[in-house]
Amino acid sequence: MRVVVAQASQRGVWDWDFALEILPDIVRGLWQTVQATLLGITIGMILGLVLALLRRSGVRLISWPTAAVIEFIRGTPLLVQLFFIFFVLPSFGITIGAFASLVIGLGIHYAAYTSESYRAGIENVVRGQWEASVALNLPPATTWTRIILPQAIPTVIPALGNYLVAMFKDAPLGAGISAGGVLLVANSIRSQTLRGVEPYTVMGILFLVVSVPAALFVRYLERKYGYERT
Amino acid sequence: MLSGNQLQALLEGTWITVQVFVFAAILGTVLSLIFGVMGLSESRLLRAISRTYVEVARGASAIVLLIWAAFALPILLGIPQVIGPLLAGIIALGINMGGYGAEVVRGGILSVPRGQTEASIALNLNAGDRLRHVILPQAVVLMVPPYGNLNIEVMKGTSLVALIALADLTFEAQNLRVQAGGGVFEDPPSTAAIFGTALVIYFILSQLIALFYRWVEGRVGGRWHGART
């Protein structure tokens, strides 16, 4: 990151030149946050589906622990989970970089949420589809991949959109483990220049510029495709 | 394993966590009611104000609001000595919660059948009485489950105050990790024990909140059952 030198505190409460000067760095940081979000939601969507299927398993030795893990992940803060991944896993011989820890942490945390949406989507597929698959003698794998999931997943997409927006709002937490992103950039500008007002305000405004339209767009899709919140 | 002192440090942090949660939830609830009801006002201006608040409070995210409330707001207002980390945490998390809570309140009120409003008008109740005695008691029943979930999210969100150096549970856990790494203790606990314990404490807190709201749901649901159509 480019070092921004400013004569701290001699300027007023708000310095426009300084705010414009740091803008490019903060935009770059925001782009990292967006990247972490896009990678994180990819993991969250895939892992969430796996968790949903495991939870529906007929074998209780599989479904019960899965349900417990989902409940535990949903009941604990993402920030502490990130600390756990970044600081604890190395003592078990698994060392992951900060950015990768953030992406994995976001992915696992939101997988617990998306799995519940997938579950609702799967349960909403009408019974007759299952019965017809049995009547046609389809093997379970074919029933899932060709009959059930193609009908379940489209109904889940709006919920996934909401989680994408929610994940973007959580992604700056990566600063807690120095994982890059908009907050880490703003923090380092503050520590180098001793001015916090401009970097954090610019960060806040840019954040709104991304997250509010994204949220409105997801809501528009929800209405357009007649999805009902549950 | 954790020593007695280390466990005590975590429990002291838990007490801060509980305080931040309770005060943020109180502020968030007040804001939810104000902006939720405002969002249903007949005045277009009031609706626009409510809409703007909801979009900004939710869109800015808890973490960005928190950092801004801790490091920018006090300087912009010229009162850095008044707004400490505890107050900044409560303000930011409360405002964030209010954005989500206003939608819960609005949704709850909207789901009360229109006939209830019409009947209250026919009975000559004014707008305030209509809301207080007829609409809200019925809406509350529908608001409790999402409101309970929101409380759990706020409690989890309190962990962010560790990033503005408020000594909550997450901060204490981080602190113990640093101390253990520095060899301050003769028998340093593993980082797994520290963060594992912190996660379990958070999980217990969220389960307690969930239990509490399930209990409230049962009570409120029973009490107003006769009034629902």
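Data block above holds the structure.
Throughout, a residue's number is its position along its own chain's written sequence, starting from 1. Lettering of chains starts at A and numbering of ligands starts at 1, both following the order in which they are written. Local features are withheld for residues below a pLDDT of 70 in this predicted model, meaning they are given only at 70 or higher, and side-chain atom pairs are given and counted only at 80 or more; totals for whole chains, interfaces and linings count all residues. Note that the side-chain values use all heavy atoms of the structure and ignore hydrogens as well as water.

Here we look at the nonpolar core
Within soluble globular proteins, side chains that are nonpolar generally end up buried alongside one another.
Then, in step 1: The set of buried Ala, Val, Leu, Ile, Met, Phe, Trp, Tyr and Cys residues whose side-chain atoms join them within 4.5 Å is what this entry labels a nonpolar core. When a residue's accessible area, from a 1.4 Å probe over protein chains only, is under 20% of the maximum for its type it is buried; when over 50% it is exposed; and in between it is partly exposed. Of all hydrophobic cores here, the largest spans 90 residues; its most connected members are I26(A), Y200(A), M203(A), I67(B) and I164(B).
Then, in step 2: Considering every element that reaches this core, the biggest residue donor is helix 9 (residues 191-223) of chain B, with 13 residues.
Then, in step 3: Beyond its immediate stretch of four places on either side in the chain, I26(A) contacts V182(A), V185(A), I189(A), P199(A), V202(A), M203(A) and L206(A).
Then, in step 4: Counting residues in hydrophobic clusters, the runner-up holds 10 residues, among them L49(A), Y118(A), I122(A) and V156(A). For helices the rule is a DSSP run of H or I covering at least 4 residues; for strands it is a run of E covering at least 2, with both sets numbered from the N terminus onward. Two residues form a contact once any of their heavy atoms are found within 4.5 Å.

A word on the interface of chain A and chain B
Then, in step 1: Every contact between the two is made by 36 residues of chain A and, on the other side, 35 residues of chain B.
Then, in step 2: The term buried area denotes the loss of accessible surface (1.4 Å probe radius) that occurs when two parts are joined, taken as the sum for both partners. Summing both partners gives a buried area of about 3,100 Å² for chain A against chain B, and 75% of it is carried by carbon and sulfur.
Then, in step 3: In the sections that follow, a salt bridge refers to a side-chain nitrogen of Lys or Arg positioned within 4 Å of a carboxyl oxygen of Asp or Glu. Where chain A packs against chain B, one counts one salt bridge.
Then, in step 4: Ionic pairing is found between E55(B) and R219(A), a salt bridge with its closest N-O pair at 2.9 Å.

Let's talk about helix 5 (residues 85-110) of chain B
Then, in step 1: Look at helix 5 of chain B: 37 Å from first C-alpha to last across 26 residues, which is about the 38 Å you get at 1.5 Å a residue.
Then, in step 2: Two axes define the bend at a residue: one fitted to the seven residues ending there, one fitted to the seven starting there, and the bend is the angle between them. At G99(B), helix 5 of chain B shows its strongest bend, of approximately 30°. Take the residue count of a helix, subtract one, and multiply by 1.5 Å to get its expected span.

Focus on the pattern of salt bridges
Residue and element names in this part refer to chain B.
Then, in step 1: Enumeration over the complete set of coordinates arrives at 11 salt bridges over all chains.
Then, in step 2: The shortest N-O distance in the salt bridge between R106 and E103 comes to 3.2 Å. Taken together, the residues span about one helical turn, with R106 and E103 both in helix 5 at a distance of three residues.
Then, in step 3: A salt bridge links K156 to E153; its shortest N-O distance comes to 3.5 Å.

Geometric values such as these leave the question of function open.
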